[in-house]
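Remarks on the overall topology
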Amino acid sequence: THITVNAETGEITNYYYFKNKDNGPSRNFDEQAAEKQAVTIAQELAGDKFDEYGDVNTNVDYYRPANSTITNYYGSSHSFERYVNDIVVSGNHINISFNHDNVLTNYRISYTEADFISPDNMLTEDEIMDIYWENNDIDLYYLARVHEKKTKTVLVYGTDNSIYCDAFTGEQKYYYNS
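Right, let's walk through the structure included here. All figures in this text were calculated on a predicted structure; none of them were measured in a lab.

1. Structural notes on the sheet that holds strand β1 (residues 2–5)
The six strands are arranged β1-β2-β6-β5-β4-β3 in an open sheet whose pairing can be described as antiparallel. The open sheet has two edge strands with one neighbour each: β1 and β3 (57–63). Across the sheet, the axes of successive neighbouring strands diverge by a mean angle of 20°, strand direction being ignored. Of the strands in this sheet, β2 (12–16), β3, β4 (72–84), β5 (87–99) and β6 (104–109) touch helix α1 (residues 31–46), which is tilted by about 120° from β5.

Structure representation (structure tokens):
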């Protein structure tokens, strides 16, 4: 078991549990109970910060052999995204995982301590795109991908840069060429 605690606040920021001799998958798994338990744990461990996180997104890890009605459950993972001013905060999540017995195996909170600018008086999406197109062109590309050992192409329109513009000035930020 590994636990990371904020030395100033006592807050648990990361918890990881691993049992080397786990007794394998389960044939029964209650997804609703796991999701409810994930919400309870997130509320308890995140404290007041939990109010900034949205609804839980749940994924169940299972395997069903071909031509079988038996499902083997390995556990579940649950995530919550953080919102400020009804805008998602990139990279700020709460992640929780359980094994097949609903034992907590992982808890992690990512929370950025920062001032968030109010979206009042920002440019509209159309205004941002007008500014973006002043400095960027749309081009035709062959997009090639390998799938099942075969290369396939599709003809696409795209730009050389990602669209990351300051919401108030339209100035291009974080240049990523692809």
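2. Some details on the packing of aromatic side chains
Overall, the coordinates contain four aromatic pairs when judged by the stated rule. Ring centres of Phe29 and Tyr73 lie 5.8 Å apart, and the angle between their planes is 20°; this geometry places the pair in the stacked category. On the criterion of sequence distance, the pair formed by Phe29 in the loop between β2 and α1 and Tyr73 in strand β4 is long-range, its members being 44 residues apart. The exposure class assigned to Phe29 is buried, which follows from its relative accessible area of 16%. With 5.1 Å between their ring centres and 75° between their planes, Tyr132 and Trp133 make a pair best called edge-to-face. Through pairs of rings, three or more aromatic residues link up here, namely Phe29, Tyr62 and Tyr73. Cation over ring: Lys49 sits above Tyr111, and NZ or CZ is 4.5 Å from the ring centre.

3. Looking at the layout of surface pockets
Quantified by volume, the largest pocket comes out at close to 930 Å³. For the lining of the largest pocket, the elements supplying multiple residues, two or more each, are β5 and α2 (125–135). In terms of residue count, β5 provides more of the lining of the largest pocket than any other element does, four residues in total. Looking at the lining of the largest pocket, its residues break down into 16 nonpolar, four polar and four charged.

4. Observations regarding the pairing of β4
Sheet topology note: the β3/β4 ladder contains seven bridges and is antiparallel. Of the residues in β4, the one forming a bridge with Asn57 is Ser79. In this sheet, β5 lies alongside β4 in antiparallel orientation, the contact comprising nine bridges. Paired with Val84 across the strands is Ile87, a residue of β5. With antiparallel pairing between neighbouring strands as the criterion, β4 and β5 make up a hairpin whose turn holds two residues, including Asn85 at a positive phi of roughly 55°.

Reading the values: rules and limits
Residues numbered from 1 in each chain as written. Predicted model: local features only at pLDDT ≥ 70, side-chain atom pairs only at ≥ 80, totals over all residues. Heavy atoms only, no water. Pairing = 2+ DSSP bridges. Helix = DSSP H or I, 4+ residues; strand = E, 2+ residues; numbered from the N terminus. Axes fitted to C-alpha atoms, helices over the stretch in contact; angles between N-to-C directions. Contact = heavy atoms within 4.5 Å. Phe/Tyr/Trp six-rings, centres within 6.5 Å; stacked < 30°, edge-to-face > 60°. Buried < 20%, exposed > 50% of the residue type's maximum accessible area, 1.4 Å probe, protein only. Lys NZ or Arg CZ within 6 Å of the ring centre and 35° of its normal. 1 Å grid on protein atoms, 1.4 Å probe; cavity = no way out; pocket = protein on both sides within 12 Å on 5 of 7 lines; lining within 4 Å. Points joined across faces, edges and corners; volume = space filled by probe spheres on them. Nonpolar A, V, L, I, M, F, W, Y, C, P; charged D, E, K, R; others polar.

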